[in-house]
Amino acid sequence: MLSPRYPPAVVAGNVETSQCITDALYGALGVLAASQGTMNNFTFGNSRHQYYETVAGGSGAGPDFDGADAVQTHMTNSRLTDPEVLEWRFPVLLESFAIRAGSGGRGRRRGGHGAVRRVRFLEPMTAAILSGRRLVRPHGMAGGEPGQPGRNYVLRAAGGSADLGPFGQTEMAPGDVFVVETPGGGGYGPAD
């Protein structure tokens, strides 16, 4: 179906490009607003620890259903590590993992809300994010509004913050908090 020729970007085809293709196909058929459109690939590690997870977001609404909140969408079915296991095996604290209220697109049927995941580091590590839908919002369908874009940033223990954009890598000091706000899904139909 796709046959990219140099110079188009082809990195993360399975985890990122496939999400956009699925949203485009559903949109072209007019059956479903865009879902989060990304897997929010979050990694961290140092010489002793390495970890990789994907973070759920909002799914798109359809003609007779609201989108689901904080779920893996389309071809994705990965499961997050239980908080107790994560904190037992890695020098991090899961400060929160919550639904990102208000991030789903409005419409006759509401888009699913994304999630907010906050991880506090307890020792120096390198963290990275590879994510989509930070610059372009997940589209609505049939007059529904788009979902909110995601956001990635670090709250520094020493003060201040650093915005990472859709993708980035940063050094984490003890006490720093990495925050992933995932996109919401698009709404379906005009809001009343």
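Located above this text is the structure these notes cover.
Here the structure is a predicted model, which is why all the values come from computation and not from measurement.

Reading the values: the criteria
- Residues numbered from 1 in each chain as written.
- Predicted model: local features only at pLDDT ≥ 70, side-chain atom pairs only at ≥ 80, totals over all residues.
- Heavy atoms only, no water.
- Salt bridge = Lys/Arg side-chain N within 4 Å of Asp/Glu carboxyl O.
- Helix = DSSP H or I, 4+ residues; strand = E, 2+ residues; numbered from the N terminus.
- Buried < 20%, exposed > 50% of the residue type's maximum accessible area, 1.4 Å probe, protein only.

## Let's talk about the pattern of salt bridges
Applying the stated criterion across every chain yields a total of 11 salt bridges. Linking E123 and R48 is a salt bridge whose minimum nitrogen-to-oxygen distance equals 2.8 Å. In this pair, E123 sits in the loop between β4 (114-121) and β5 (125-130) while R48 sits in the loop between β1 (41-45) and β2 (50-54), placing the two residues 75 residues apart along the sequence. Residue E123 is classed as buried on the basis of its relative accessible area, which comes to 19%. Given a relative accessible area of 55%, R48 falls into the exposed group. Between R156 and D176 there is a salt bridge, and its shortest N-O distance comes to 2.8 Å. Here D176 lies in the loop between β8 (167-172) and β9 (177-181) and R156 lies in the loop between β6 (151-155) and β7 (161-163), a separation of 20 residues in the sequence. Overall, R156 belongs to the partly exposed group, its relative accessible area being 23%. Accessibility expressed as a relative area gives 3% for D176, which makes it buried. In the salt-bridge network here, residues are joined through shared partners; they are E95, R118 and R120.

## A word on unusual backbone geometry
In the segment running from Y6 into P7, the intervening peptide bond is cis, with an omega of 20°. Looking at the element boundaries, P7 is found in the segment before α1 (13-29). With a phi close to 55°, R133 is a non-glycine residue in the positive phi region. Tracing the backbone shows R133 in the loop between β5 and β6. Positive phi outside glycine occurs at A142, with the angle close to 55°. Position of A142 relative to the elements: it lies in the loop between β5 and β6. The partly exposed category is assigned to A142, whose relative accessible area is 48%.

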